[in-house]
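In case you want the letters, here they are:
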Amino acid sequence: NAGVTQTPKFQVLKTGQSMTLQCAQDMNHEYMSWYRQDPGMGLRLIHYSVGAGITDQGEVPNGYNVSRSTTEDFPLRLLSAAPSQTSVYFCASSYSNGGEAFFGQGTRLTVV
Amino acid sequence: GENVEQHPSTLSVQEGDSAVIKCTYSDSASNYFPWYKQELGKGPQLIIDIRSNVGEKKDQRIAVTLNKTAKHFSLHITETQPEDSAVYFCAATGQNFVFGPGTRLSVLP
């Protein structure tokens, strides 16, 4: 089992560029989510999905889009990168929102 | 929405001593309280969790206690070892996971 796989691990973007962070899980989990981690602020929820075709906003959704066309994949799109989006991004999946969440290894994004 | 506070933000202990990290939450509807350990350059990993119908849970050197009336829960690590050094996050879950800001634990040999 690969668990939760995120790509890329590192990325540098210029302000205004767009990109997609990929996330895939092989545990047949219905619940998937994206977090950003900034120093001293813990993990903040960006978007989440409770199943294929269903997504919703979390605490800090502005500047990000998501879609969930399959159970396995949950990509995060940055529409027009800004320096404030410099962060470490984690994707997570769980059987439900009341069970153990499995995290990917993270993507370190720098916007210059 | 839910708000989770966590203290202390940093904690240094001598190897073999105990470490305690405390969290409070605001939403009485939260019913699942996991603790995650994050090592440098890695994603968080679950180390122990507790549900709202249980007051205490133990797994070897790690224990979690929950006081629903006071809305706080704590992580207890006994006989600390250098490999326990990491950042620890608590979370409270109702509709979604809400994480505390983290505690950086250093175990000094």
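Bear in mind the structure is a predicted one, so any value in this text is a computation, not a measurement.

Draft legend 1. Layout of the overall build of chain B. Across its full length, chain B carries zero helices and 11 strands. Starting at the N terminus and ending at the C terminus, chain B contains elements arranged as β-β-β-β-β-β-β-β-β-β-β. In terms of C-alpha radius of gyration, chain B reaches 13 Å, essentially the compact-globule figure of 13 Å for 109 residues. Taken along the three principal axes of its C-alpha coordinates, chain B extends 40 × 25 × 20 Å. Sorting the 109 residues of chain B into buried and exposed places 44% on the buried side. Restricting to contacts in chain B with at least 6 residues of sequence separation, those with at least 24 account for 52%. When the accessible surface of chain B is split by element, carbon and sulfur atoms take 46% of a total near 5400 Å². Charge centroids of chain B, computed over 10 positive and 12 negative side chains, lie 4 Å from each other.

Draft legend 2. Region of interest: the interface of chain A and chain B. Contacts between the two partners involve 19 residues from chain A and, on the opposite side, 18 residues from chain B. Contact between chain A and chain B buries roughly 1500 Å² in total, counting both sides, with carbon and sulfur atoms accounting for 51%. Ranking the residues of chain A by area buried against chain B places Leu43(A), Asn97(A) and Phe103(A) at the top, with a combined share of 30%. Linking chain A to chain B there are zero salt bridges. Linking chain A to chain B there are four residue pairs in polar contact (both at pLDDT 80 or more). Contributing elements (two or more residues each) for the side of chain A that touches chain B: β4 (31-37), β5 (43-51) and β9 (87-94) of chain A. Along the lines of polarity and charge, the residues of the side of chain A that touches chain B split into nine nonpolar, nine polar and one charged.

Draft legend 3. Structural view of the packing of aromatic side chains. Residues and elements named next belong to chain B. By the definition in use, this model includes 14 aromatic pairs over all chains. Ring centres of Phe 33 and Phe 73 lie 5.0 Å apart, and the angle between their planes is 50 degrees; on these two criteria the pair is classed as tilted. Taken as a pair, Phe 33 in strand β4 (residues 32-38) and Phe 73 in strand β8 (residues 72-77) lie far apart in primary sequence, 40 residues in all. You can call Phe 33 buried: its relative accessible area is 0%.

The rules behind the values
Sequence order as written defines the numbering, with residues in each chain counted from 1. As a convention, the first chain written is A and the first ligand written is 1, with the rest following in written order. Local features in this predicted model are restricted to residues of pLDDT 70 or higher, and side-chain atom pairs are both shown and tallied only at a pLDDT of 80 or more, whereas totals for entire chains, interfaces and linings draw on every residue. The basis for every side-chain value is the complete set of non-hydrogen atoms in the structure, without hydrogens or water. Helix and strand definitions here come from DSSP, where helices need a minimum of 4 consecutive H or I residues and strands a minimum of 2 consecutive E residues; each element is numbered from the N-terminal end. Throughout, the radius of gyration refers to the C-alpha atoms, and the reference size of a globule is 2.2 Å times the residue count to the power 0.38. Accessibility here uses a 1.4 Å probe with only protein chains present; expressed as a share of the type maximum, an area under 20% marks a residue as buried, one over 50% as exposed, and anything in between as partly exposed. In what follows, a contact means two residues having at least one pair of non-hydrogen atoms within 4.5 Å. Throughout, the Shrake-Rupley method with a 1.4 Å probe supplies accessible areas, and for residues the shown protein chains are the sole cover considered. Within this scheme the basic residues Lys and Arg register as positive and the acidic residues Asp and Glu register as negative, but His and the chain ends are omitted. Lysine's charge is taken at NZ, arginine's at CZ, aspartate's at CG and glutamate's at CD. Using a 1.4 Å probe, buried area is obtained as the accessible area two parts lose upon being combined, added over both of them. Basic side-chain nitrogens of Lys or Arg form a salt bridge, by our definition, when they fall within 4 Å of a carboxyl oxygen of Asp or Glu. As used in this structure description, the phrase polar contact means that two N or O atoms lie within 3.5 Å; if the pair is within protein, one of them must be able to donate a hydrogen and the other to accept it, and residues adjacent in sequence are counted only when both atoms belong to side chains. Residue polarity is assigned by list, with Asp, Glu, Lys and Arg as charged and Ala, Val, Leu, Ile, Met, Phe, Trp, Tyr, Cys and Pro as nonpolar; anything else, Gly included, falls into the polar class. Aromatic pairs are defined between Phe, Tyr and Trp rings, using the six-membered ring for Trp, whenever the two ring centres lie within 6.5 Å; interplanar angles under 30 degrees are classed as stacked, those over 60 as edge-to-face, and all others as tilted.

Keep in mind that these numbers describe shape and distance, not what the molecule does.
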